[in-house]
Amino acid sequence: MTGLRVVAATEVRLSLRDPAAAFFSLVLPLVVLVVLMQVFGNTPDPDGTVFGGYGPTDFYVPGYLALTLAAVGLSALPVRLPSYDETGVLRRFAASGMTIGTLFAAEAAVALLIGVLGAALMLAVAVLGYDLEAPAD
């Protein structure tokens with residue numbers, strides 16, 4: 001477990017040094033949210049025929065949360081592990097006795113952490129800035 005913790009901490013530091021990953025997983029979904037909310041607003045349809053009387057934000061934010069998780073999923077494991085293979089990092093891990101499963105678990109944990117952070121940031125902006133309503137049921 002100590003090896004997993006050390007590798008995960010190192011992967012977090014490496015993720016923080018990668019501006020493209022931070023942009024696509026944290027900033028881009030927020031920009032999409034803010035731009036589209038400025039365009040469409042959150043005023044419910046007066047007669048309630050569109051969105052059942054709720055504001056558009058209540059329906060758009062779950063899609064933006066999926067965008068956040070998709071950005072993390074497409075930029076974390078599928079990009080980082082092949083680059084580790086190309087640069088010889090996987091071979092060095094194998095020589096040190098570290099299993100590929102430990103590296104994969106650390107990468108998955110870091111991706112989950114970034115995804116949860118991005119989702120929390122998105123929800124905070126939506127609730128505070130655009131009056132997002134929590135589901136009643």
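Look a little higher up for the structure.
Report follows, based on the coordinates.

Cut-offs used in this document
Residues numbered from 1 in each chain as written. Predicted model: local features only at pLDDT ≥ 70, side-chain atom pairs only at ≥ 80, totals over all residues. Heavy atoms only, no water. Helix = DSSP H or I, 4+ residues; strand = E, 2+ residues; numbered from the N terminus. Rg over C-alpha atoms; globule rule 2.2 N^0.38 Å. Expected span 1.5 Å × (residues − 1). Buried < 20%, exposed > 50% of the residue type's maximum accessible area, 1.4 Å probe, protein only. Arc of directions from axis to C-beta. Contact = heavy atoms within 4.5 Å. Phe/Tyr/Trp six-rings, centres within 6.5 Å; stacked < 30°, edge-to-face > 60°. 1 Å grid on protein atoms, 1.4 Å probe; cavity = no way out; pocket = protein on both sides within 12 Å on 5 of 7 lines; lining within 4 Å. Points joined across faces, edges and corners; volume = space filled by probe spheres on them. Nonpolar A, V, L, I, M, F, W, Y, C, P; charged D, E, K, R; others polar. Patch = residues over 30% accessible without salt bridge, like charges linked within 9 Å, V, L, I, M, F, W, Y side chains within 5 Å. Areas by Shrake-Rupley, 256 points an atom, 1.4 Å probe, with all protein chains shown as cover. Salt bridge = Lys/Arg side-chain N within 4 Å of Asp/Glu carboxyl O.

### Focus: the overall build of the protein chain
Counting secondary structure elements, the protein chain contains six helices and zero strands. Across the protein chain, helices and strands are ordered from the amino to the carboxyl terminus as α-α-α-α-α-α. For 137 residues, the compact-globule formula gives about 14 Å, and the C-alpha radius of gyration of the protein chain, at 19 Å, lies well above that figure. With respect to the principal axes defined by its C-alpha atoms, the protein chain has extents near 65 × 30 × 20 Å.

### Describing helix α3 (residues 57–75)
Between the first and last C-alpha of α3 there are 26 Å, a value that for 19 residues agrees with the 27 Å anticipated at 1.5 Å per step. Every buried residue of α3 is accounted for by Thr-57, Asp-58, Val-61, Tyr-64, Leu-65, Thr-68, Ala-71 and Val-72. Down the axis of α3, the buried side of the element spans an arc of 125°, and every buried residue falls inside it. Buried positions along α3 lie against α2 (19–40) and α6 (100–130).

### Topic: the packing of aromatic side chains
The description of an aromatic ring pair rests on the distance of the ring centres and on the angle between the ring planes. Under the defined criterion, the tally for this structure stands at one aromatic pair. Plain terms: the ring middles of Tyr-60 and Tyr-64 are 6.3 Å apart, the flat faces sit at 45° to each other, and that makes the pair tilted. Highlighted residues: Tyr-60 and Tyr-64, both in helix α3, separated by four residues, approximately one helical turn. Using a relative accessible area of 9% as the deciding quantity, one classes Tyr-64 as buried.

### Focus: the layout of surface pockets
Its volume calculated, the largest pocket comes out at about 240 Å³. Tyr-54, Asp-58, Phe-59, Val-61, Pro-62, Leu-65, Val-127, Leu-132, Glu-133, Ala-134, Pro-135 and Ala-136 together form the lining of the largest pocket. At five residues, the largest contribution of residues to the lining of the largest pocket is made by α3. Taken as a whole, the second largest pocket spans an internal volume of roughly 170 Å³. Taken together, Val-12, Ser-15, Leu-16, Ala-21, Ala-22, Ser-25, Leu-26, Val-110, Leu-113, Ile-114 and Leu-117 make up the lining of the second largest pocket. Every element with two or more residues in the lining of the second largest pocket is listed here: α1 (2–16), α2 and α6. Tallied by class, the residues present in the lining of the second largest pocket amount to nine nonpolar, two polar and no charged.

### Details of a nonpolar patch on the surface
Taken together, Phe-23, Phe-24, Val-27, Val-31, Val-35, Val-39 and Phe-40 make up a surface patch of nonpolar side chains, about 620 Å² in accessible area. Following the sequence through the fold, Phe-24 ends up in helix α2.

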